[in-house]
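Architecture at a glance
Listed below, chain by chain, are the residues.
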Amino acid sequence: MKRIRKVGAYKDVKPHIYQGLQGFMEADIGSGIHSFQEQGRMMDLLFEERESDTLLVFFTAAVQPQNTYPYFSGRGVAAASGHSLLAFSDPSIALDGNLSTNWTLGDAAYQYHRDVPSIISKIAGDRRIVFVGASAGGFPALYYGSIFPSSVSLVMNPRTNVFTPPTHIQFSNRHLFPGMSPGEIAEIIPTRLGKAQNTVVYFQNCSDDRYYASHAIPYLSNQVDTGMVYWKLGEWGDGHVAPGSREIVETINSLSEAPTWADGAIASGGRLLCNVDDVIDEHGRRGYGSTTLTAFADDLIRVGGLEERLVDLTEKFNSLRSESLKLREDVDWINRPRTVAHIPTGCKIGKGASIAPNVLLMANPKSNPISIGENTKILRDAEWIGPITVGSGCYFNKGSYVRAQVSIGNDVLVGPFVRFVTDTHELGPSKKRGGDYYKTTIKVGNGVWIGASVTIVGDVEIGDGAVIAAGSLVNKDVNANTMVGGVPAKQIKILP
């Protein structure tokens, strides 16, 4: 069900509509709601101009289902501080009443994040820029702030990784990313934050355990050497509660009145981040520390962010993405010794098939299923990433590595440490030879014997009854009933 559009909810603001982004960029912009359409998405901006050399750029947190759109944040704070305001309404909330945010980044139809910096530059002109966002609005405030090195980002309990819990329904929503995996989504929109390129004032509520552990500590642990981040722990209520508008206004005034953003950050009570342990120690000193919470944060730091884990790990981490399991349980599951193989829901196993306990099968029923035929055996230390299809009566010795889009027939014998590699890149320019990523396919016929330490790269088809000598590199098709070997593999002889 689509959300109701109600520009008239802002009765004191004049609406302006333009012919696409170009029409907006060519227009003289004054105070009002400014709207344009691109790729079927309606973009709405609120600009309120005041006599100030500072522009506040506000991004909304999650929007409730009952709210109409466009939805803007920051009007009260901007009025109280006396600064101009540019507020973004996340266009994604218009598509479905249950969508709360897509972090003002765009979707598969329109990558809004590519145009937002130009919009900000047009409105800002020579003004100093303060990016402001709480919770879900914190991610764009940090992301776009880093594109403007002379700006400051003021964030409260921000999300710092789109895929880290708590998650929302956005990534299963058919309107935004239909049928796309987290990895495919990450190629379209930014989903995690790098090192800060601008000054950051990072406010975190002490009792907001999930955001403290899942977002604050992993992000701050990556910012220690930047000399750009100032942090402040507060106690503003129980749970995911941001500081009140008065404290936000006072912080903005401290920033705008100081000779430098750094001076303003310190004047507002922020402390320069020199060691993430200082944040953890103060959190504990205030009585909020716990062994479980510290271990939770340590695990997040150790895995280096959850985006890669969500792309590469099994159904356990897919369950994490939907909040059906706690992160602590998943980490324990990965680390503990196993006596039987974990078979994810996206993996179909034929009768009599045998899979060693530490074989890692990464499968999802919709996007990357794995099918293994009857009486096929997979020995230890294997890692398979679907979609993969394997026939009956096959044998995979230890250490097999099988990537997506591999199809293997019946009665195939695979030696130890054999690799089926379908991932590759286009040839790029000299400054970066590894260009755009894409996948190839590998097809292996029936009765094939593949020797130890063979590497097969796509696009390759190996005919029925072929033999690949140990240590070979196969990068071309192999005819049926042919023995090949070498690097690259060449025909050795025709088999009877």
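Cut-offs used in this document
- Residues numbered from 1 in each chain as written.
- Predicted model: local features only at pLDDT ≥ 70, side-chain atom pairs only at ≥ 80, totals over all residues.
- Heavy atoms only, no water.
- Helix = DSSP H or I, 4+ residues; strand = E, 2+ residues; numbered from the N terminus.
- Buried < 20%, exposed > 50% of the residue type's maximum accessible area, 1.4 Å probe, protein only.
- Contact = heavy atoms within 4.5 Å.
- Areas by Shrake-Rupley, 256 points an atom, 1.4 Å probe, with all protein chains shown as cover.
- Pairing = 2+ DSSP bridges.
- Salt bridge = Lys/Arg side-chain N within 4 Å of Asp/Glu carboxyl O.
- 1 Å grid on protein atoms, 1.4 Å probe; cavity = no way out; pocket = protein on both sides within 12 Å on 5 of 7 lines; lining within 4 Å.
- Points joined across faces, edges and corners; volume = space filled by probe spheres on them.
- Nonpolar A, V, L, I, M, F, W, Y, C, P; charged D, E, K, R; others polar.
- Axes fitted to C-alpha atoms, helices over the stretch in contact; angles between N-to-C directions.
- Core = buried A, V, L, I, M, F, W, Y, C linked by side-chain atoms within 4.5 Å.
- Expected span 1.5 Å × (residues − 1).
- Lys, Arg positive; Asp, Glu negative; His and termini not counted.
- pLDDT = per-residue confidence, 0-100.
- Right-handed = clockwise from strand over helix to strand, strands pointing away.

The subject of this paragraph is the overall build of the protein. Across its full length, the protein carries 13 helices and 32 strands. Residues classed as buried in the protein amount to 52% of the 496 residues present. By sequence separation, contacts in the protein at least 24 residues apart represent 53% of the contacts at least 6 residues apart. In the structure as shown, the protein presents an accessible area of about 21800 Å², 49% of it carried by carbon and sulfur atoms.

Attention shifts here to the sheet that holds strand β30 (residues 473-474). Pairing is parallel across the open sheet formed by six strands, whose spatial order is β13-β16-β19-β22-β27-β30. Of all the strands in the sheet, the pair left with one neighbour each is β13 (360-362) and β30. In this sheet, strand β16 (residues 383-385) lies alongside β13 in parallel orientation, the contact comprising three bridges. Looking across to β16, one finds that leucine 360 is bridged to glutamate 383.

On to the pattern of salt bridges, then. When the charged atoms of two side chains lie near each other, side chains of opposite charge can form a pair. Counted by the stated rule, this structure contains 13 salt bridges. Notably, a salt bridge pairs glutamate 49 with arginine 127, separated by 3.0 Å at the nearest N-O pair. Of the two residues, glutamate 49 sits in the loop between β3 (41-48) and β4 (54-59) while arginine 127 sits in the loop between α3 (116-124) and β6 (128-134), which places them 78 residues apart along the sequence. Accessibility expressed as a relative area gives 45% for glutamate 49, which makes it partly exposed. Looking at arginine 127, the relative accessible area reads 18%, which means it is buried.

We now examine empty space enclosed by the protein. Considering all chains together, one arrives at one cavity of 30 Å³ or more under this definition. Within this model, the largest cavity holds a volume of roughly 40 Å³. Tallied by class, residues from the lining of the largest cavity come to three nonpolar, two polar and two charged.

One open sheet holds the six strands; their spatial order is β11-β14-β17-β20-β25-β28, and the pairing between them is parallel. Each edge of the sheet is formed by a strand with only one pairing partner; in this case those strands are β11 (347-349) and β28 (460-462). Across the sheet, the axes of successive neighbouring strands diverge by a mean angle of 5°, strand direction being ignored. Note: strand β20 (residues 406-408) against strand β25 (residues 442-444), three bridges, orientation parallel. Among the inter-strand pairings, valine 406 is bridged to a residue of β25, identified as isoleucine 442.

In this structure, Phe24, Phe36, Val57, Phe88, Tyr112, Ile120 and Phe131 are the most contacted members of the largest nonpolar core, which totals 60 residues. If one sorts the elements of this core by residue count, helix α6 (residues 209-221) sits on top with six residues. Grouped together as the second largest cluster of nonpolar side chains are 36 residues, Cys394, Val412, Ile450 and Val484 included.

Look at the link from glycine 458 to aspartate 459: it is a cis peptide, with omega at -5°. Among the secondary structure elements, aspartate 459 is positioned in the loop between β27 (455-457) and β28. Despite not being glycine, glutamine 39 shows a phi value in the positive range, around 50°. Note that glutamine 39 resides in the loop between β2 (32-38) and β3. You can call glutamine 39 exposed: its relative accessible area is 54%.

The end-to-end C-alpha distance of helix α7 (residues 245-257), which contains 13 residues, comes to 18 Å, matching closely the 18 Å that a straight helix rising 1.5 Å per residue would cover. Here α7 has its buried residues at Glu247, Ile248, Val249, Thr251, Ile252, Asn253, Ser254, Leu255 and Ser256.

With respect to the helices and strands, aspartate 115 occurs in the loop between β5 (84-89) and α3. Although aspartate 115 is buried, it makes no salt bridge; arginine 114 carries the closest opposite charge, 7.7 Å away. In contact with aspartate 115, not counting residues within four places along its chain, are Leu21 and Tyr110.

For the protein, mean pLDDT is 89; residues scoring 70 or higher make up 88% of the total. Across residues 303-318, where pLDDT falls below 50, the model places 42 contacts with residues more than four positions away in sequence or in other chains.

Moving on to the pairing of strand β9 (residues 229-234). Most of β9 is tucked away: five of the six residues are buried. As defined by bridge partners, strand β8 (residues 199-205) adjoins β9 across six bridges and the pair is classed as parallel. Bridge assignment links phenylalanine 203 to a residue of β9, and that residue is lysine 232. A crossover connection joins β8 to the parallel β9 through α6; in handedness this β-α-β unit is right-handed.

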